[in-house]
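Take a look at the letters that make up each chain.
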Amino acid sequence: MKHLTTCLLFALALASCNTQTDQTMPTTNHEALIKQYFEVFNAHNWQQLASMYSETADFKDPALGRGLVKQTREELITKYEELTHAIPDLKDEVVAMYPSGEKHIIVEFVSTGTTPDGSTFELPICTIFTIENGFITKDFTYYDNFEE
């Protein structure tokens, strides 16, 4: 009986450790930064978005060409101003976030909007953000940019 009681208490303690859901788990500072990033992006506040990056950050993005591209905050603002001039209703919806190690967060999201010719698009994207000292230092974005 004593052995059964001990096993039961152990099982209850173990079960209580596993009942916490993703919704109640605390977010890291990096996750909070990236959540804010997408809020700022959807508000099209490019000055504030740029301030979330280091002075010069590394980018991989099919829109920027092949390989690594360094961009300043000012270049980032210009890029997004031009993009929203062409696509004023541009919006990103986060599907999932995956913290990875101490410096990285991988984000799946879907970008939507209306192009100048009136057609709408829905583009699945994956970005790996590197965060150091509270700033995004790398933004490696992957999506299929082949036209049909």
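Everything below is about the structure printed above this text.
Overview of the structure.

## As for the overall build of the protein
Piece 1. Along its length, the protein carries four helices and six strands.
Piece 2. N-terminal to C-terminal, the α/β element order of the protein is α-α-α-β-β-α-β-β-β-β.
Piece 3. For the protein, the proportion of its 148 residues judged to be buried stands at 30%.
Piece 4. Put simply, of all contacts in the protein between residues at least 6 apart along the chain, 42% involve residues at least 24 apart.

## Points about helix H2 (residues 29-42)
Piece 1. The end-to-end C-alpha distance of H2, which contains 14 residues, comes to 20 Å, matching closely the 20 Å that a straight helix rising 1.5 Å per residue would cover.
Piece 2. By the burial criterion, the buried members of H2 are Glu-31, Leu-33, Ile-34, Tyr-37, Phe-38, Val-40 and Phe-41.
Piece 3. Downstream of H2 by one or two residues, His-44 has phi in the positive range, about 60 degrees.

## Digging into the sheet that holds strand E2 (residues 69-72)
Piece 1. Spatial ordering of the open sheet is given by E2-E1-E6-E5-E4-E3, a layout of six strands whose pairing is mixed. The open sheet has two edge strands with one neighbour each: E2 and strand E3 (91-100). Between one strand and the next, the sheet's axes are offset by a mean angle of 25 degrees, whatever the strand orientation.
Piece 2. In this sheet, strand E4 (residues 104-114) lies alongside E3 in antiparallel orientation, the contact comprising nine bridges. Directly across from Asp-92, in E4, lies its bridge partner Ser-111.

## Section: the nonpolar core
Piece 1. Membership of the largest hydrophobic core comes to 26 residues, with the highest contact counts inside it found for Ile-34, Tyr-37, Leu-49, Tyr-53, Val-107, Phe-129 and Ile-136.
Piece 2. For this core, the elements supplying multiple residues, two or more each, are H2, helix H3 (46-51), strand E1 (53-60), helix H4 (73-86), E4 and strand E5 (120-132).
Piece 3. A per-element tally of this core places H2 first, with six residues.
Piece 4. Ignoring any residue separated from it by four or fewer positions in sequence, one finds Ile-34 in contact with Met-97, Ile-105, Val-107, Phe-129, Ile-131 and Ile-136.

## Notes on the environment of Val-69
Piece 1. Mapped onto the elements, Val-69 comes out in strand E2.
Piece 2. A relative accessible area of 22% places Val-69 in the partly exposed class.
Piece 3. Beyond its immediate chain neighbours, meaning those up to four positions away, Val-69 contacts Ala-57, Asp-58, Phe-59 and Leu-64.

## What about H4?
Piece 1. Taking 1.5 Å of rise per residue, 14 residues should cover 20 Å, and H4 covers 20 Å from first to last C-alpha, within 8% of that figure.
Piece 2. Arg-73, Leu-76, Ile-77, Lys-79, Tyr-80 and Thr-84 are the residues of H4 that are buried. Taken down its axis, H4 places every buried residue within 165 degrees of arc, on the same side. Of the exposed residues in H4, those oriented more than 90 degrees away from the buried face are Glu-74, Glu-82 and His-85.

## Considerations on the side chain of Arg-73
Piece 1. Tracing the backbone through its elements, the reader meets Arg-73 in helix H4.
Piece 2. Residue classification places Arg-73 among the buried positions, given a relative accessible area of 18%.
Piece 3. Not counting the four nearest positions on each side in its chain, Arg-73 is found in contact with Ala-50, Ser-51, Tyr-53, Ser-54, Glu-55 and Phe-135.

Procedures and definitions
Numbering of residues starts from 1 in each chain and follows the order in which that chain's sequence is written. Where totals are concerned, whole chains, interfaces and linings use all residues; where local detail is concerned, this predicted model gives features only for residues with pLDDT of at least 70, and gives and counts side-chain atom pairs only at 80 or more. Calculated side-chain values reflect all of the structure's heavy atoms, with hydrogen atoms and water omitted. Here a helix means four or more residues in a row that DSSP labels H or I, a strand means two or more in a row labelled E, and each is numbered from the N terminus. Only protein chains enter the area calculation, which uses a 1.4 Å probe; residues under 20% of their type maximum are buried, those over 50% are exposed, and those in between are partly exposed. Contacts were defined at the residue level, with two residues in contact if any of their heavy atoms lie within 4.5 Å. In this analysis, the expected span of each helix is defined as 1.5 Å times one less than the number of residues it contains. By definition, two strands form a pair when at least two bridges between them are found by DSSP. The axes used here are C-alpha line fits, helices contributing only the stretch in contact, and every angle between their N-to-C directions lies in the interval 0 to 180 degrees. The nonpolar core is taken to be a set of buried Ala, Val, Leu, Ile, Met, Phe, Trp, Tyr and Cys residues, with the residues joined through side-chain atoms within 4.5 Å. Directions from the helix axis toward the C-beta atoms define the arc.

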